[in-house]
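# Overview (structure and organization)
Each chain, written out:
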Amino acid sequence: MFTRREALFGAAIGAAAVAAMPAFSATFAPADIGALAREKVKLVAPPFVHPHDQVAKGGPKIVEFTMTIEEKPVVIDADGTTLNAMTYNGSVPGPLMVVHQDDYVELTLINPDTNTLAHNIDFHAATGALGGGELTLVNPGEQVTLRFKATRSGTFVYHCAPGGSMIPWHVVSGMSGAIMVLPRDGLKDDKGKPVKYDRIFYIGENDFYIPRDENGNFKSYETAGDGYDDMMKVMRGLIPTHVVFNGKVGSLTGDNAMKANVGETVLIVHSQANRDTRPHLIGGHGDYVWEEGKFANTPAKDLETWFIRGGSAGAALYTFLQPGVYAYVNHNLIEAVELGATAHFMVEGEWNDDLMTQVEAPKAIATN
Amino acid sequence: MPLSFLKVASVAIAAATVPIGLSAVSWSGHRLHPVTITVTLPPGSITYSLPGEFLRGEHPQANPRLKRRFNKPIEIMTYQVSVADYADCVKAGACQSPQETREIPPNAPVTGVSYLDASAYARWYSQATGDYWRLPTDEEWAFAAAERFRGGFEGPQADANNPAKRWLARYKAEAQLDRSPDPLPRSRGTFGVNSRGLADLSGNVWEWTSTCFVRATLAADGTGVANSLDNCGVHVVEGFHRTYMSNFVSDGKSGGCAVGTPPDNLGFRLVRDRPGWRKLILGYLGI
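Because the structure is predicted, anything quoted here is derived from the model rather than measured.

The rules behind the values
- For every chain, the first residue of its written sequence is number 1, and the numbers climb from 1 along that sequence.
- Naming scheme: in the order in which they are written, chains are lettered from A and ligands are numbered from 1.
- Only residues with pLDDT of at least 70 are given local features in this predicted model, and only at 80 or more are side-chain atom pairs given and counted; all residues enter the totals for whole chains, interfaces and linings.
- Throughout, a residue-residue contact means that the two C-beta atoms, derived from backbone geometry, are no farther apart than 7 Å.
- To qualify as a helix, a DSSP run of H or I must reach at least 4 residues; to qualify as a strand, a run of E must reach at least 2; elements of each kind are numbered from the N terminus.
- Ten residues, namely Ala, Val, Leu, Ile, Met, Phe, Trp, Tyr, Cys and Pro, are considered nonpolar, four, namely Asp, Glu, Lys and Arg, are considered charged, and the remaining ones, Gly among them, are considered polar.
- A domain assignment, automatic or from a database, supplies the domain bounds used here.
- Being paired, for any two strands, means DSSP has found at least two bridges between them.
- To get an axis, fit a line to the C-alpha atoms, keeping to the stretch in contact for a helix; angles then go from 0 to 180 degrees between the N-to-C directions.
- We call a residue exposed when 12 or fewer other C-beta atoms sit within 10 Å of its C-beta, buried when the count reaches 20 or more, and partly exposed for counts in between; the C-beta positions come from the backbone.
- In this usage, the nonpolar core is the set of buried Ala, Val, Leu, Ile, Met, Phe, Trp, Tyr and Cys residues whose C-beta atoms join them within 7 Å.

### Looking at the interface of chain B and chain A
A common way to report how large an interface is uses the accessible area buried once the components associate. With 24 residues of chain B at the contact, the number on the chain A side is 31 residues. Broken down by secondary-structure element, the contributors of at least two residues to the side of chain B that touches chain A are α5 (164-175), β10 (206-218) and β11 (225-238) of chain B. Considering each element in turn, the side of chain B that touches chain A owes the most residues, five residues, to α5(B). In terms of residue class, the side of chain B that touches chain A is made up of 11 nonpolar, seven polar and six charged.

### Considering the domain arrangement of chain A
All names here are of chain A. Splitting chain A by domain gives domain 1 (4-182) and domain 2 (200-348). Each of domain 1 and domain 2 has a C-alpha centre, and the two are 21 Å apart. With 38 residues of domain 1 at the interface, the matching set in domain 2 holds 44 residues. Residue assignment for the side of domain 1 that touches domain 2 shows that the elements contributing at least two residues are β2 (62-75), β3 (82-88), β8 (154-159), α3 (166-171) and β9 (176-182). If you tally residues by element for the side of domain 1 that touches domain 2, the top one is β8, at five residues.

### Let's talk about the sheet that holds strand β18 (residues 300-303) of chain A
Residues and elements named next belong to chain A. Taken in spatial order, the six strands line up as β13-β12-β15-β19-β17-β18 in an open sheet, and their pairing is mixed. The open sheet has two free edges, formed respectively by β13 (242-245) and β18, since each of these has just one partner strand. With strand direction ignored, the average angle separating the axes of adjacent strands in the sheet is 25°. Direction of pairing for strand β17 (residues 286-290) relative to β18: antiparallel, over a ladder of three bridges. Paired with Val289 across the strands is Ala300, a residue of β18.

### Overview of the environment of A:Val269
Residues and elements named next belong to chain A. Mapped onto the secondary structure, Val269 falls in strand β15 (residues 265-272). Since 24 C-beta atoms lie within 10 Å of it, Val269 is described here as buried. Distance from Val269 to Thr108, taken between C-alpha atoms, is 24 Å for residues 161 residues apart in sequence. In this structure Val269 touches Leu96, Thr155, Ala178, Met180, Ile200, Tyr202, Ala313 and Ala315, once residues within four positions along its chain are discounted.

### With respect to the nonpolar core
Nonpolar side chains tend to gather and get buried jointly when the protein is soluble and globular. Ranked by size, the top nonpolar core spans 96 residues in total, and within it A:Leu96, A:Phe156, A:Ala178, A:Ile179 and A:Val269 carry the most contacts. Listed in part, the 45 residues of the second largest apolar core include B:Leu41, B:Met77, B:Val81 and B:Leu266.

### As for the sheet that holds β9(A)
Residues and elements named next belong to chain A. Taking strand neighbours across the sheet as the criterion, the four strands line up as β4-β9-β8-β6 in an open arrangement whose pairing is mixed. Lying at the two open borders of the sheet, with one neighbouring strand each, are β4 (96-100) and β6 (122-123). Here β6 runs beside β8; their pairing, made up of two bridges, is antiparallel. Its bridge partner lying in β8, Phe123 is registered against Tyr158.

Here's what the structure looks like:
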């Protein structure tokens, strides 16, 4: 129903609008932008994050990223249910980008002609032009480069926002990710003391709305456009069929469980572009949690569960104290177990009896 | 249990007056059952690790391995109970519909069935055929599965100083299972036949057994069980790996605190008991 020709037609109007605007990027760019150092970063698929400094070295620079949009069917559960996904760089969620405050983010967004739809990107970290969405609409066969200044520190969502109903449709088809803007001098605890992490994991949570046939089975479609009408009906009911981490039920369990060691400090960045969620680490805590994700605010301490507002990303810092298998869930447990929002950490190390011990193993109840 | 057995036995003798083909008796006059294909396993023995959880002192142990002899032949269904077989029980009003919405061929194993469903089917099928059909015990299943029996991932003996080592070992073992990526049940026979002639063992349908979950404390000297507690609200499920499911569950899921690997599908096959003559006569006399 939404053919490539229509996509191109819709985009042509968008392109005309852009052309009518003053070339402000030239007008307002700081004179010394050309003097800034440039760094090219290769993005990696979540839950991993590209190498980065926690404390900035030197002054602000321009950090260059490239993302290629890929429309492709992806299997989202063990039953083989297929979503006609729209992805940034081939992954759901898109990769986490890391820069420092006052750096410039320079993103080249490529929409190959193998795709059928027009896409763009709205950075919650950016200022103006609908988060960059207005300046980045690209049709299949086009690419665009956007630069914005990362003026505020924190974790921020980015997502596709090509207008109207296309916005939620693209987002619940997988087009969201996050960027982390670190303070130049790194993260700090509630007393302003620097804190560091040994490992970082990025978890993007997605709510999917897969249509069912008359027997209740999930339907699949040849193209995303073929399924648009049916999916819209499910979306309007607001009850997701799947709530998952990293694009698929079980994407972060089993062989893909996240790994850490006792004594290591882990930063977990959690984004949800569309819907509220409440991460919880079963058997652990959030030592320092930036629920809203913004590092200029004092982190909350010792949280059991933290709230991530739909359309935001938060960060939780935790030092593992005990070995074992930890479940990291959306603590709406129906969503965690029945709809898929469960991840695992495998933590190796020495057990601390002082923190916990089984005083007496299960046995028959004593009768006198 | 002995009481219900006698009742079933009396039905069996009534059926025994029919010359041959006990499994083809008509029931409620609406359908003749196709003759159930079974395999009769000759007496033999296996050494296998017991299901359940075993402690010594306060610490979990690797499950004890035990040699078990079967002195009598065991007659067991070659295939799992099929969608069509089970539908007859539903039609007769003796079974509830399976919790299954996917499109599955009628000759594929029935799935989306709980222990309670499987037991209801066994009761109905016994009445319908005049034979005594029941779920296999875990050890019978293991014996029948032969080289396809894998057992559970109970993990190594616990490290008294670090219980997490065992949890991690078990988690890794389950994660490394080379499971079929396609959980959709297939037509019977798809997963082939084992050395004993049973079909579709350890494919993508796990099977209920009549064995209850047990937690046992081993004697300090390592000989035998000091005490044990059965939880018959949970039964042993066998297949690609051994797992334990609550009786009313028809679709195994993992998540939240449960970090184990769930079965793809839950189904079952039955064992036919041939009551001895003494029991048959007692049953006939209604004793």
